[in-house]
Amino acid sequence: FGPEMRERISSFVAGPVAPANEERRSLERVHERMRGLSVAEQQRVAREGEASERVVLERIYGKSVWEPLLKNPRLTVPEVARIAHMGNLPVPLVELIVANGAWLTSSLVRRALLANPRLKGEAAIRVLRAMPHGELKLVPKQTAYPALIREAARKLLGP
């Protein structure tokens, strides 16, 4: 290889050092900015914020921002699944997630909801009915799900 090709290879192997450091600094700035927000500002950022802001906001303030986060139209499926999996998620918020048909089309969200101990009754049936038959057949065998969920899946599958 010539000197030009060696230079290209060594720069490729070294990788982008500066952007990673800049990305870390940017995330630190977002973290600092989110730390001192008033309740009204927390709610506004949760409803309208960018993905990095939403992640930091949820990590800092937890359950106090779950409802406005769930009302953010730009919320991604992995973010919804992370919230849906929280065992201390209030029942009205579990029902809010279940009521959103677009979220129920995601197997990630369905599995998170089924593992949540607060999913009960009609909401559990709705989640189970949203599952493809092949996925539903696996639910009674999954010990990660509560017994009530497994039993409801058995009933839906029939004899």
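So, a few notes on the structure that sits alongside this text. Computed from a predicted structure; not experimentally measured.

## Here's the deal with a nonpolar patch on the surface
Item 1. On the surface, a cluster of nonpolar side chains totalling about 610 Å² of accessible area is made up of Phe 1, Met 5, Ile 9, Phe 12 and Val 13.
Item 2. Inspection of the secondary structure assignment puts Val 13 in helix H1 (residues 3–14).
Item 3. Exposure remark for Val 13: the relative accessible area of 65% places this residue in the exposed category.

## Observations concerning the pattern of salt bridges
Item 1. Evaluated as defined, the whole model comprises seven salt bridges.
Item 2. In this structure, the salt-bridge partner of Lys 71 is Glu 67, at a minimum N-O distance of 3.2 Å.
Item 3. On the basis of relative accessible area, Glu 67 is assigned to the partly exposed category, the value being 41%.

## Some thoughts on the packing of helix H10 (residues 121–129) against helix H12 (residues 147–157)
Item 1. Close contact between H10 and H12 brings their axes to 10 Å; oriented N to C, the two are set at 55°. On the basis of the axis angle, H10 is oblique to H12. Our pair here, H10 against H12, has a crossing hand that is right-handed. Across the interface between the two elements, Ala 124, Ile 125, Leu 128 and Arg 129 from H10 touch Ile 149, Ala 152, Ala 153 and Leu 156 from H12.

## Concerning the environment of Ile 83
Item 1. Tracing the sequence through the fold places Ile 83 in helix H6 (residues 77–84).
Item 2. Residue class for Ile 83 comes out buried when judged on its relative accessible area of 1%.
Item 3. Between the C-alpha atom of Ile 83 and that of Leu 104, which follows or precedes it by 21 residues, the distance is 14 Å.
Item 4. Beyond its immediate stretch of four places on either side in the chain, Ile 83 contacts Trp 66, Leu 69, Leu 70 and Leu 89.

## Looking at the environment of Leu 128
Item 1. By secondary structure assignment, the location of Leu 128 is in helix H10.
Item 2. Take Leu 128: its relative accessible area is 0%, and that puts it in the buried class.
Item 3. It is 9.8 Å that separates the C-alpha atoms of Leu 128 and Arg 150, two residues lying 22 residues apart in sequence.
Item 4. Residue contacts for Leu 128: discarding those within four places in its chain leaves Leu 114, Leu 136, Val 139, Ile 149, Ala 152, Ala 153 and Leu 156.

Conventions and cut-offs
- Residues numbered from 1 in each chain as written.
- Predicted model: local features only at pLDDT ≥ 70, side-chain atom pairs only at ≥ 80, totals over all residues.
- Heavy atoms only, no water.
- Patch = residues over 30% accessible without salt bridge, like charges linked within 9 Å, V, L, I, M, F, W, Y side chains within 5 Å.
- Areas by Shrake-Rupley, 256 points an atom, 1.4 Å probe, with all protein chains shown as cover.
- Salt bridge = Lys/Arg side-chain N within 4 Å of Asp/Glu carboxyl O.
- Helix = DSSP H or I, 4+ residues; strand = E, 2+ residues; numbered from the N terminus.
- Buried < 20%, exposed > 50% of the residue type's maximum accessible area, 1.4 Å probe, protein only.
- Axes fitted to C-alpha atoms, helices over the stretch in contact; angles between N-to-C directions.
- Parallel < 35°, antiparallel > 145°, perpendicular 65-115°, else oblique.
- Left-handed = near helix turned anticlockwise from the far one by under 90°.
- Contact = heavy atoms within 4.5 Å.

The values are spatial; any link to function lies outside them.
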